[in-house]
Amino acid sequence: MHPINPWRYAVGFFGMSLPINLINSQLAFFYVDRLGVPVTSYAAVMLVYFVIDLFDNPCYGWLSDRTRSRWGRRRPWIVVGAPALGISLMCAFSPPFDGGPALLAWLAVWGILTQTFDSMVSSNYGAVLPEAFPDESSRADANAARQAFQLLAMVLSIALTPVLTGLIGYSGTAILLGILAIGFLLYMAYGVREKLDVLPTTQPPLLESLRAIVSNPKFWTIALASGFYSGGMALVVAAVQFFVKYTLGRPSGEATYLLLAVIATSVVALFGWARAVHRFGALRIWRLALAILVVALGSLLLVGSLVAAIAVGCLVGVGYSGVMATLDLIVARLLDEDTATTGVRRESMFLAAFSFFNHTTGLMQALAFNLAYLWFGFRSGDDPGTRPGDAARFLLAGFPVVLVCLALGVSWLVTFDGARRSRR
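Residues numbered from 1 in each chain as written. Predicted model: local features only at pLDDT ≥ 70, side-chain atom pairs only at ≥ 80, totals over all residues. Heavy atoms only, no water.

## Concerning the overall build of the protein
Along the backbone of the protein there are 14 helices and zero strands. The helix and strand sequence of the protein, counted from the amino end, reads α-α-α-α-α-α-α-α-α-α-α-α-α-α. Compactness check: the protein gives a C-alpha radius of gyration of 20 Å against a globular reference of 22 Å for 424 residues, within 12% of the reference. C-alpha atoms of the protein, sized along the principal axes, occupy 60 × 45 × 35 Å. (Helix = DSSP H or I, 4+ residues; strand = E, 2+ residues; numbered from the N terminus. Rg over C-alpha atoms; globule rule 2.2 N^0.38 Å.)

If you want it as C-alpha cells, here you go:
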C-alpha cells in the first residue's frame, strides 16, 4: 500500500464511529423508552441480527480480500458502504409509525441494515491499519490518532445526543450524523492507494480461509476477550440514559454530563496509554486497562448521585481509552503472524471474523434486557415496573462488569513471541 497520511486515515474513524455510536447509545432508549416498544421485542430484534451476523461478516471479509480492481481491495467497499450506512441510520431513527407490528418491523429492517453496513465498512477500514502501518510503533501512533477521532465522534454521537435530540429530534440528529459519516468516510477512502502489483492473484476459497482462522487458537482467545469487552461497553452506553432517569432520578438529558466526563478523561488518557504501549508493549497495557475497567464498573454499582457517577465515570474513561489504544494493535500482531506463516493476506476476513464477536453486543443486549424484564419487571418506558432503578443499574454496571471480568480473564491466555515483526 502506498504511504497514507496517518491523520487522513485516522479521520475516517470519525465518520465510521458516528452511526454505530448513535445506534449503540440511542436505539434502545428511543424505541423502548420513547416509543414504547417492549424490551422483549427489542431483544428479539437484536437476536435476529446476531444470527444474520453469523453470515454477513465472513462473507464481507472474504469478498473484500478477493476484490481486484483499479481502486484496490478496500476502497470500493468503503465507497459503496458509506452511503448505505448513512442512509440506513437516517431511516432507523425516522419511523413513520407510532406503534404496533409496523413499528417493530421498521426497527428490525433499518436497525439491522445499519449494523450490517457497519460491518461492511469497518472490516475494510480496519484492514488498512496493518497494511499501511507495518510495525507496532507506527501502528501505535496511527491508532492513537484514529482513536482520538473516535472519541471526538463519541462526543457528538453519544455525549451530546441528548442535547441534539432535544433541539432537532431523533430524526434530525440521525440525518446530521449520517451526512457527516458519509462525507468523512469518502474523504478517507479517496486517500487510500494500494500497491496492486504486490497482491496475490488468487485467494483461498471461503471455507478454507474460515478453517484457517477458526483453527488458530490465538484468534479464539483474542476474539472472545474482544467480544466480552465490546458487549459490556456497548451495554454501558445503551443504558446510561436509563440509569440517569430511573436510578438517579434525574432528567435523562443529564446523561450528557456523565458521558462527557467519560469521553474527556479518555481523550486525556489516550496518548499517555500510547506512550505506555511504546515502553511496555500492547499486551500488558491491554490487561491493565481491562483491570481498571472492572474496578470502575464495579464502583458504578455503588453510586447514588450524578456527581458520584461522574467521578467514577472518569475512571471508566481511563480504562476505556487504554483498551482503545491496544486492542487493534494486538489484532494486527495476529494478522502479521498469519501472513508470515501462510503467505496469504486476508486481513479483511480476519477483521470481519473479529467483528462478528464484537457485534455479539446484540446478543448481550438481548440477554440483558430480557433479564431486566424477568428480574425487575422493566418492560418499557410506558410500563417500567416497580423497580426500574434496579433494572437500570443492572443494565449499566451489573451485567457489564461480569462481561469485562470475562474479557480480563481470557486476555491472560493471549501470548505472542517476543520478537516484533515487520512485513516491510
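## Concerning the environment of P83
Looking at where P83 falls in the secondary structure, it is placed in helix α3 (residues 75-92). Taking relative accessible area as the criterion, P83 reaches 26% and is therefore assigned partly exposed. As for P83 and F228, which are separated by 145 residues in sequence, their C-alpha atoms are 30 Å apart. If near-sequence neighbours (up to four positions away) are discounted, P83 is found in contact with I78 and I182. (Buried < 20%, exposed > 50% of the residue type's maximum accessible area, 1.4 Å probe, protein only. Contact = heavy atoms within 4.5 Å.)

## Comments concerning the packing of aromatic side chains
For the coordinates displayed, the defined rule picks out 19 aromatic pairs. Considering the side-chain rings of F30 and Y31, the 5.0 Å spacing of their centres and the 80° angle between planes classify their relative orientation as edge-to-face. There is no split in this pair, since F30 and Y31 are both buried. Centre to centre, the rings of F242 and F369 are 6.1 Å apart; their planes meet at 65°, and the pair counts as edge-to-face. A residue pair is termed long-range when its members are at least 10 positions apart, and F242 in helix α8 (residues 217-247) and F369 in helix α13 (residues 361-376) qualify at 127 residues. With respect to class, F242 is no different from F369; both count as buried. (Phe/Tyr/Trp six-rings, centres within 6.5 Å; stacked < 30°, edge-to-face > 60°.)

## Focus: the side chain of S25
With respect to the helices, strands and loops of the structure, S25 is situated in helix α1 (residues 6-34). Here the side chain of S25 touches N21 through a polar contact of 2.8 Å, landing on its backbone oxygen. If sequence neighbours within four positions are ignored, S25 has contacts with S157, I158, V237, A238 and Q241. (Polar contact = N/O pair within 3.5 Å; in protein donor to acceptor, adjacent residues only side chain to side chain.)

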